[in-house]
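Residues per chain, in single letters:
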Amino acid sequence: MTGGLGAVVSDPRVWAAILVIGTLTYGIRLSFIHLFGRIDEVPARVRRPLRYVPPAVLAALVLPDLVTVGPSVAATLLDERLLAGVVAGAVAWRTENVFATIAAGMGALWLLRFVVLA
Amino acid sequence: MTRTDGDVIHEDLAAGVRDVTPLMLGIVPFALVAGIAAVDAGLTLAEAVGLSVIVFAGASQLAAIDLLGSNAPLAVVIGTAVVINLRMMMYSASIAPYFADYARRTRAGLAYLLTDQAYALSIAEYERNDDRSRWRYYLGAAASLWVVWQIGTVVGVVVGAGVPDAWGLTFAVPLVFLALLVPAMKDRPTTVAGAVGGSVAVVAAGLPLNLGLLVGALFGIAAGMVTEVTAS
(Lines give C-alpha, C1' and ligand atoms only; values in the text may rest on other atoms or scores of the structure.)
Protein backbone atom coordinates (compact mmCIF):
# COMPACT_ATOMS: atom_id res chain seq x y z
CA MET A 1 0.00 0.00 0.00
CA THR A 2 2.38 2.69 -1.22
CA GLY A 3 1.91 5.67 -3.44
CA GLY A 4 -1.38 7.43 -3.71
CA LEU A 5 -1.30 11.17 -4.19
CA GLY A 6 2.09 11.25 -2.56
CA ALA A 7 3.71 8.94 -5.10
CA VAL A 8 5.92 10.89 -7.45
CA VAL A 9 7.67 8.18 -9.44
CA SER A 10 5.50 6.48 -12.03
CA ASP A 11 5.89 2.76 -12.53
CA PRO A 12 6.77 2.04 -16.18
CA ARG A 13 4.94 -1.28 -15.82
CA VAL A 14 1.70 0.59 -15.16
CA TRP A 15 2.09 2.85 -18.20
CA ALA A 16 2.97 -0.12 -20.39
CA ALA A 17 -0.21 -1.87 -19.26
CA ILE A 18 -2.31 1.27 -19.83
CA LEU A 19 -0.97 1.83 -23.35
CA VAL A 20 -1.31 -1.79 -24.49
CA ILE A 21 -4.78 -2.27 -22.97
CA GLY A 22 -5.88 1.07 -24.43
CA THR A 23 -4.61 0.26 -27.91
CA LEU A 24 -6.15 -3.21 -27.98
CA THR A 25 -9.45 -1.95 -26.55
CA TYR A 26 -9.60 0.78 -29.19
CA GLY A 27 -8.94 -1.87 -31.83
CA ILE A 28 -11.87 -3.91 -30.50
CA ARG A 29 -14.16 -0.85 -30.56
CA LEU A 30 -13.09 0.15 -34.05
CA SER A 31 -13.06 -3.39 -35.50
CA PHE A 32 -16.41 -3.67 -37.22
CA ILE A 33 -17.12 0.06 -37.40
CA HIS A 34 -14.03 0.16 -39.61
CA LEU A 35 -14.55 -3.14 -41.42
CA PHE A 36 -18.21 -2.71 -42.19
CA GLY A 37 -18.81 -2.96 -45.91
CA ARG A 38 -16.28 -5.74 -46.24
CA ILE A 39 -17.79 -7.99 -43.56
CA ASP A 40 -21.52 -7.88 -42.84
CA GLU A 41 -21.63 -9.46 -39.43
CA VAL A 42 -19.59 -11.19 -36.77
CA PRO A 43 -18.99 -14.81 -37.79
CA ALA A 44 -20.99 -17.28 -35.66
CA ARG A 45 -17.77 -18.97 -34.53
CA VAL A 46 -16.70 -15.72 -32.88
CA ARG A 47 -20.15 -14.64 -31.73
CA ARG A 48 -21.03 -17.80 -29.78
CA PRO A 49 -18.22 -17.80 -27.22
CA LEU A 50 -18.39 -13.98 -26.93
CA ARG A 51 -21.87 -14.29 -25.48
CA TYR A 52 -20.48 -16.09 -22.43
CA VAL A 53 -17.52 -13.78 -21.84
CA PRO A 54 -19.37 -11.26 -19.61
CA PRO A 55 -20.94 -13.71 -17.11
CA ALA A 56 -17.88 -16.02 -16.98
CA VAL A 57 -15.30 -13.25 -16.55
CA LEU A 58 -17.36 -11.16 -14.14
CA ALA A 59 -18.12 -14.17 -11.93
CA ALA A 60 -14.45 -15.18 -11.98
CA LEU A 61 -13.59 -11.65 -10.85
CA VAL A 62 -16.24 -11.45 -8.11
CA LEU A 63 -16.32 -14.80 -6.36
CA PRO A 64 -12.65 -15.10 -5.29
CA ASP A 65 -13.05 -11.66 -3.64
CA LEU A 66 -16.08 -12.88 -1.66
CA VAL A 67 -15.20 -16.50 -0.92
CA THR A 68 -12.02 -17.71 0.75
CA VAL A 69 -12.03 -21.43 1.35
CA GLY A 70 -11.50 -21.60 5.12
CA PRO A 71 -10.43 -24.42 7.45
CA SER A 72 -14.08 -25.36 8.09
CA VAL A 73 -17.37 -24.97 6.23
CA ALA A 74 -18.56 -22.55 8.94
CA ALA A 75 -15.42 -20.43 8.60
CA THR A 76 -15.92 -20.28 4.84
CA LEU A 77 -19.59 -19.31 5.07
CA LEU A 78 -19.41 -16.90 8.02
CA ASP A 79 -16.96 -14.56 6.31
CA GLU A 80 -17.97 -10.89 6.47
CA ARG A 81 -17.19 -10.36 2.78
CA LEU A 82 -19.31 -13.32 1.69
CA LEU A 83 -22.24 -12.27 3.87
CA ALA A 84 -22.05 -8.67 2.60
CA GLY A 85 -21.74 -10.02 -0.94
CA VAL A 86 -24.91 -12.09 -0.55
CA VAL A 87 -26.81 -8.98 0.60
CA ALA A 88 -25.42 -6.99 -2.34
CA GLY A 89 -26.24 -9.82 -4.75
CA ALA A 90 -29.85 -9.86 -3.61
CA VAL A 91 -30.11 -6.10 -4.08
CA ALA A 92 -28.46 -6.34 -7.52
CA TRP A 93 -30.99 -8.99 -8.51
CA ARG A 94 -33.96 -6.93 -7.32
CA THR A 95 -32.87 -3.50 -8.56
CA GLU A 96 -30.19 -4.06 -11.27
CA ASN A 97 -28.82 -0.76 -10.01
CA VAL A 98 -25.06 -0.26 -9.50
CA PHE A 99 -25.48 2.46 -6.88
CA ALA A 100 -27.97 0.45 -4.78
CA THR A 101 -25.73 -2.62 -4.99
CA ILE A 102 -22.63 -0.76 -3.78
CA ALA A 103 -24.60 0.96 -0.99
CA ALA A 104 -26.12 -2.31 0.25
CA GLY A 105 -22.83 -4.21 0.11
CA MET A 106 -20.74 -1.53 1.83
CA GLY A 107 -23.48 -0.97 4.44
CA ALA A 108 -23.62 -4.68 5.21
CA LEU A 109 -19.81 -4.92 5.40
CA TRP A 110 -19.56 -2.01 7.85
CA LEU A 111 -22.44 -3.35 9.95
CA LEU A 112 -20.74 -6.75 10.21
CA ARG A 113 -17.24 -5.38 10.72
CA PHE A 114 -17.92 -2.56 13.16
CA VAL A 115 -21.07 -3.75 14.98
CA VAL A 116 -21.89 -7.47 14.72
CA LEU A 117 -18.46 -9.11 14.59
CA ALA A 118 -16.56 -6.33 16.39
CA MET B 1 -39.31 18.84 -35.04
CA THR B 2 -37.63 22.21 -35.24
CA ARG B 3 -34.01 22.58 -36.11
CA THR B 4 -32.41 25.93 -36.63
CA ASP B 5 -28.76 26.49 -37.27
CA GLY B 6 -28.78 29.29 -34.72
CA ASP B 7 -29.26 26.90 -31.79
CA VAL B 8 -26.25 26.74 -29.53
CA ILE B 9 -26.67 23.02 -28.99
CA HIS B 10 -28.18 20.91 -31.73
CA GLU B 11 -31.47 19.29 -30.75
CA ASP B 12 -30.23 15.75 -31.46
CA LEU B 13 -27.06 16.29 -29.45
CA ALA B 14 -29.17 17.62 -26.57
CA ALA B 15 -31.44 14.57 -26.80
CA GLY B 16 -28.44 12.28 -26.36
CA VAL B 17 -27.28 14.23 -23.31
CA ARG B 18 -30.80 14.20 -21.85
CA ASP B 19 -31.36 10.46 -22.38
CA VAL B 20 -28.04 9.46 -20.83
CA THR B 21 -28.52 11.54 -17.67
CA PRO B 22 -30.46 8.93 -15.63
CA LEU B 23 -27.70 6.39 -16.34
CA MET B 24 -25.22 8.62 -14.52
CA LEU B 25 -26.60 7.24 -11.26
CA GLY B 26 -24.82 4.01 -12.11
CA ILE B 27 -21.74 5.63 -13.70
CA VAL B 28 -20.79 8.06 -10.93
CA PRO B 29 -20.27 5.50 -8.12
CA PHE B 30 -18.53 3.20 -10.64
CA ALA B 31 -16.10 6.02 -11.58
CA LEU B 32 -15.50 6.91 -7.92
CA VAL B 33 -14.63 3.27 -7.20
CA ALA B 34 -12.23 3.23 -10.18
CA GLY B 35 -10.43 6.23 -8.68
CA ILE B 36 -10.42 4.88 -5.12
CA ALA B 37 -9.19 1.46 -6.24
CA ALA B 38 -6.44 3.05 -8.34
CA VAL B 39 -5.03 5.05 -5.43
CA ASP B 40 -5.34 2.04 -3.15
CA ALA B 41 -3.35 -0.12 -5.56
CA GLY B 42 -0.56 2.47 -5.51
CA LEU B 43 -1.26 4.20 -8.82
CA THR B 44 -0.49 7.91 -9.08
CA LEU B 45 -3.13 10.46 -10.03
CA ALA B 46 -1.56 10.73 -13.50
CA GLU B 47 -1.68 6.94 -13.95
CA ALA B 48 -5.29 6.76 -12.76
CA VAL B 49 -6.35 9.53 -15.17
CA GLY B 50 -4.24 8.03 -17.96
CA LEU B 51 -6.00 4.70 -17.48
CA SER B 52 -9.43 6.36 -17.54
CA VAL B 53 -8.67 8.46 -20.64
CA ILE B 54 -6.72 5.90 -22.67
CA VAL B 55 -8.72 2.76 -21.84
CA PHE B 56 -12.10 4.33 -20.91
CA ALA B 57 -13.78 1.01 -20.04
CA GLY B 58 -14.74 0.65 -16.38
CA ALA B 59 -14.81 -3.08 -15.72
CA SER B 60 -11.49 -3.67 -17.48
CA GLN B 61 -9.93 -0.71 -15.66
CA LEU B 62 -10.93 -2.16 -12.28
CA ALA B 63 -9.60 -5.59 -13.21
CA ALA B 64 -6.31 -4.07 -14.38
CA ILE B 65 -5.99 -2.01 -11.18
CA ASP B 66 -6.74 -5.06 -9.06
CA LEU B 67 -4.09 -7.16 -10.83
CA LEU B 68 -1.48 -4.37 -10.93
CA GLY B 69 -2.01 -3.93 -7.17
CA SER B 70 -1.29 -7.62 -6.57
CA ASN B 71 1.81 -7.50 -8.80
CA ALA B 72 0.47 -9.87 -11.43
CA PRO B 73 2.64 -10.23 -14.56
CA LEU B 74 1.91 -7.69 -17.31
CA ALA B 75 0.68 -10.38 -19.71
CA VAL B 76 -1.99 -11.45 -17.19
CA VAL B 77 -3.05 -7.82 -16.54
CA ILE B 78 -3.34 -7.08 -20.26
CA GLY B 79 -4.95 -10.41 -21.16
CA THR B 80 -7.63 -10.09 -18.49
CA ALA B 81 -8.51 -6.48 -19.31
CA VAL B 82 -8.71 -7.19 -23.04
CA VAL B 83 -10.88 -10.29 -22.58
CA ILE B 84 -13.32 -8.21 -20.52
CA ASN B 85 -13.56 -5.70 -23.38
CA LEU B 86 -14.12 -8.32 -26.10
CA ARG B 87 -17.88 -7.83 -25.74
CA MET B 88 -17.43 -4.44 -27.40
CA MET B 89 -16.72 -6.26 -30.65
CA MET B 90 -20.41 -7.16 -30.66
CA TYR B 91 -21.37 -3.51 -30.16
CA SER B 92 -18.97 -2.45 -32.90
CA ALA B 93 -20.56 -4.90 -35.33
CA SER B 94 -24.07 -3.98 -34.30
CA ILE B 95 -23.70 -0.21 -34.59
CA ALA B 96 -21.42 -0.25 -37.66
CA PRO B 97 -24.23 -0.12 -40.27
CA TYR B 98 -25.52 3.12 -38.73
CA PHE B 99 -22.13 4.79 -39.07
CA ALA B 100 -21.28 3.29 -42.49
CA ASP B 101 -21.88 6.54 -44.42
CA TYR B 102 -19.58 8.67 -42.30
CA ALA B 103 -16.00 9.50 -43.20
CA ARG B 104 -13.30 7.19 -41.93
CA ARG B 105 -12.01 9.85 -39.53
CA THR B 106 -15.47 10.42 -38.06
CA ARG B 107 -15.93 6.70 -37.51
CA ALA B 108 -12.51 6.47 -35.86
CA GLY B 109 -13.56 9.18 -33.40
CA LEU B 110 -16.98 7.69 -32.69
CA ALA B 111 -15.38 4.28 -32.03
CA TYR B 112 -13.22 5.67 -29.21
CA LEU B 113 -16.36 6.66 -27.26
CA LEU B 114 -18.08 3.27 -27.61
CA THR B 115 -19.33 1.98 -24.23
CA ASP B 116 -22.09 -0.35 -23.01
CA GLN B 117 -24.37 2.57 -22.21
CA ALA B 118 -23.70 4.70 -25.31
CA TYR B 119 -24.24 1.65 -27.49
CA ALA B 120 -27.46 0.52 -25.81
CA LEU B 121 -29.02 4.00 -25.81
CA SER B 122 -28.09 4.86 -29.39
CA ILE B 123 -29.20 1.57 -30.94
CA ALA B 124 -32.56 1.87 -29.19
CA GLU B 125 -32.97 5.46 -30.40
CA TYR B 126 -31.93 4.67 -34.01
CA GLU B 127 -34.54 1.95 -34.20
CA ARG B 128 -37.23 4.19 -32.71
CA ASN B 129 -36.52 7.45 -34.47
CA ASP B 130 -35.05 7.51 -37.96
CA ASP B 131 -34.95 11.33 -38.13
CA ARG B 132 -32.19 11.74 -35.58
CA SER B 133 -28.74 12.74 -36.62
CA ARG B 134 -26.99 9.53 -35.64
CA TRP B 135 -23.59 10.94 -34.84
CA ARG B 136 -25.01 13.90 -32.91
CA TYR B 137 -27.25 11.77 -30.69
CA TYR B 138 -24.45 9.28 -30.07
CA LEU B 139 -21.96 12.06 -29.35
CA GLY B 140 -24.35 13.70 -26.87
CA ALA B 141 -24.71 10.46 -24.92
CA ALA B 142 -21.17 9.08 -25.28
CA ALA B 143 -19.26 12.32 -24.65
CA SER B 144 -21.36 13.04 -21.53
CA LEU B 145 -20.39 9.63 -20.19
CA TRP B 146 -16.74 10.36 -20.99
CA VAL B 147 -16.75 13.68 -19.11
CA VAL B 148 -18.52 12.27 -16.04
CA TRP B 149 -16.24 9.22 -16.03
CA GLN B 150 -13.07 11.37 -16.00
CA ILE B 151 -14.35 13.70 -13.28
CA GLY B 152 -15.50 10.73 -11.18
CA THR B 153 -12.08 9.07 -11.45
CA VAL B 154 -10.27 12.19 -10.24
CA VAL B 155 -12.71 12.69 -7.34
CA GLY B 156 -12.29 8.99 -6.45
CA VAL B 157 -8.49 9.33 -6.34
CA VAL B 158 -8.72 12.37 -4.05
CA VAL B 159 -11.37 10.84 -1.78
CA GLY B 160 -9.72 7.42 -1.72
CA ALA B 161 -6.42 8.88 -0.55
CA GLY B 162 -8.08 10.30 2.57
CA VAL B 163 -10.12 7.33 3.81
CA PRO B 164 -8.71 4.85 6.39
CA ASP B 165 -8.05 1.29 5.21
CA ALA B 166 -10.41 -0.13 7.86
CA TRP B 167 -13.40 1.17 5.87
CA GLY B 168 -12.55 -1.38 3.20
CA LEU B 169 -13.59 0.94 0.34
CA THR B 170 -12.01 -1.36 -2.23
CA PHE B 171 -14.69 -3.91 -1.37
CA ALA B 172 -16.77 -1.74 -3.72
CA VAL B 173 -14.78 -3.24 -6.63
CA PRO B 174 -16.31 -6.75 -6.44
CA LEU B 175 -19.66 -5.08 -5.71
CA VAL B 176 -19.50 -3.20 -9.02
CA PHE B 177 -18.69 -6.44 -10.83
CA LEU B 178 -21.55 -8.14 -8.98
CA ALA B 179 -23.96 -5.42 -10.14
CA LEU B 180 -22.83 -6.06 -13.73
CA LEU B 181 -22.82 -9.86 -13.33
CA VAL B 182 -26.41 -10.31 -12.18
CA PRO B 183 -28.08 -8.89 -15.33
CA ALA B 184 -25.51 -10.70 -17.51
CA MET B 185 -26.87 -14.05 -16.21
CA LYS B 186 -30.15 -13.74 -18.09
CA ASP B 187 -30.84 -17.30 -19.26
CA ARG B 188 -29.70 -20.84 -18.51
CA PRO B 189 -26.46 -20.97 -20.52
CA THR B 190 -25.26 -17.54 -19.28
CA THR B 191 -26.15 -18.50 -15.69
CA VAL B 192 -24.18 -21.74 -15.99
CA ALA B 193 -21.27 -19.78 -17.50
CA GLY B 194 -21.26 -17.48 -14.44
CA ALA B 195 -21.70 -20.27 -11.87
CA VAL B 196 -18.92 -22.42 -13.34
CA GLY B 197 -16.60 -19.47 -14.05
CA GLY B 198 -16.93 -18.19 -10.48
CA SER B 199 -16.61 -21.59 -8.78
CA VAL B 200 -13.54 -22.62 -10.77
CA ALA B 201 -11.94 -19.22 -10.06
CA VAL B 202 -12.45 -19.73 -6.29
CA VAL B 203 -10.92 -23.21 -6.38
CA ALA B 204 -8.07 -22.01 -8.64
CA ALA B 205 -7.43 -18.85 -6.58
CA GLY B 206 -4.13 -20.29 -5.34
CA LEU B 207 -2.65 -20.67 -8.81
CA PRO B 208 0.45 -18.58 -9.49
CA LEU B 209 0.39 -15.45 -11.68
CA ASN B 210 -3.29 -14.84 -10.89
CA LEU B 211 -4.11 -17.44 -13.51
CA GLY B 212 -7.15 -18.58 -11.52
CA LEU B 213 -9.12 -15.75 -13.08
CA LEU B 214 -8.37 -16.74 -16.67
CA VAL B 215 -8.83 -20.46 -15.94
CA GLY B 216 -12.20 -19.74 -14.32
CA ALA B 217 -13.29 -17.54 -17.22
CA LEU B 218 -12.33 -20.16 -19.82
CA PHE B 219 -14.17 -22.93 -17.95
CA GLY B 220 -17.20 -20.63 -17.64
CA ILE B 221 -17.27 -19.81 -21.36
CA ALA B 222 -16.93 -23.50 -22.24
CA ALA B 223 -19.70 -24.45 -19.78
CA GLY B 224 -22.01 -21.85 -21.31
CA MET B 225 -21.42 -23.18 -24.81
CA VAL B 226 -21.94 -26.80 -23.72
CA THR B 227 -25.20 -25.84 -21.97
CA GLU B 228 -26.39 -24.04 -25.09
CA VAL B 229 -25.74 -27.12 -27.24
CA THR B 230 -27.37 -29.62 -24.87
CA ALA B 231 -30.43 -27.38 -24.39
CA SER B 232 -31.22 -27.13 -28.10
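Quick caveat, the model's predicted, so the values are computed rather than measured.

Draft legend 1. Up close: the overall build of chain B. Of regular secondary structure, chain B possesses 12 helices and 0 strands. When its helices and strands are written in sequence order, chain B yields α-α-α-α-α-α-α-α-α-α-α-α. Counting only C-alpha atoms and orienting by the principal axes, one finds that chain B spans roughly 60 × 55 × 30 Å. A buried classification covers 51% of the 232 residues belonging to chain B. Considering only contacts in chain B between residues 6 or more positions apart, those separated by 24 or more positions represent 77%.

Draft legend 2. Main features of the confidence of the model for chain B. Taken residue by residue, chain B gives an average pLDDT of 90. The fraction at 70 or more is 97%. Here the prediction assigns the complex a pTM of 0.80, and the interface score ipTM is 0.85.

Draft legend 3. Main features of the confidence of the model for chain A. The predicted model of chain A averages 85 in pLDDT, with 86% of residues at 70 or higher. Taken together, the stretch residues 1-8 of chain A has pLDDT below 50 and engages in 15 contacts with residues farther than four places along the chain or on a different chain.

Draft legend 4. A look at the environment of B:Asp131. All names here are of chain B. Residue placement: Asp131 occurs in the loop between α8 (116-128) and α9 (134-161). Taking relative accessible area as the criterion, Asp131 reaches 53% and is therefore assigned exposed. Sequence separation of Asp131 and Asp12 is 119 residues, and the distance between their C-alpha atoms is 9.3 Å.

Draft legend 5. Quick peek at helix α12 (residues 211-231) of chain B. With 21 residues, α12(B) should cover 30 Å at 1.5 Å per step; its first-to-last C-alpha distance of 30 Å lies within 8% of that length. Considered for burial, the residues of α12(B) that qualify are B:Gly212, B:Leu213, B:Gly216, B:Ala217, B:Gly220, B:Ile221, B:Ala223, B:Gly224 and B:Thr227. Burial along α12(B) is one-sided: seen end-on, the buried residues are contained in an arc of 165°. Exposed positions of α12(B) whose direction lies more than 90 degrees from the buried face are B:Leu218, B:Val226, B:Val229 and B:Thr230. Where the residues of α12(B) are buried, they touch α2 (44-51) and α3 (53-66) of chain A together with α4 (58-69), α5 (74-85) and α11 (188-203) of chain B.

Draft legend 6. Structural context of helix α10 (residues 172-184) of chain B. Compared with an ideal rise of 1.5 Å per residue, which puts 13 residues at 18 Å, α10(B) spans 19 Å between its outermost C-alpha atoms and is within 8% of the ideal. Extensive coverage of α10(B) is indicated by the burial of 11 of its 13 residues.

Draft legend 7. Region of interest: the interface of chain B and chain A. Across the boundary between the two partners, chain B contributes 94 residues, which contact 73 residues of chain A. With both sides pooled, the region where chain B packs onto chain A buries about 7,200 Å², and carbon together with sulfur makes up 78% of that total. Our count for the contact surface shared by chain B and chain A stands at 2 salt bridges. B:Glu228 is paired through a salt bridge with A:Arg48; the nearest N and O atoms lie 2.9 Å apart. The leading source of residues in the side of chain B that touches chain A is α10(B), at 12 residues. Among the residues forming the side of chain B that touches chain A, the class breakdown is 67 nonpolar, 18 polar and 9 charged.

How each quantity is defined
- Residues numbered from 1 in each chain as written.
- Chains lettered and ligands numbered in written order.
- Predicted model: local features only at pLDDT ≥ 70, side-chain atom pairs only at ≥ 80, totals over all residues.
- Heavy atoms only, no water.
- Helix = DSSP H or I, 4+ residues; strand = E, 2+ residues; numbered from the N terminus.
- Buried < 20%, exposed > 50% of the residue type's maximum accessible area, 1.4 Å probe, protein only.
- Contact = heavy atoms within 4.5 Å.
- pLDDT = per-residue confidence, 0-100.
- Expected span 1.5 Å × (residues − 1).
- Arc of directions from axis to C-beta.
- Buried area = accessible area lost by both parts, 1.4 Å probe.
- Salt bridge = Lys/Arg side-chain N within 4 Å of Asp/Glu carboxyl O.
- Nonpolar A, V, L, I, M, F, W, Y, C, P; charged D, E, K, R; others polar.

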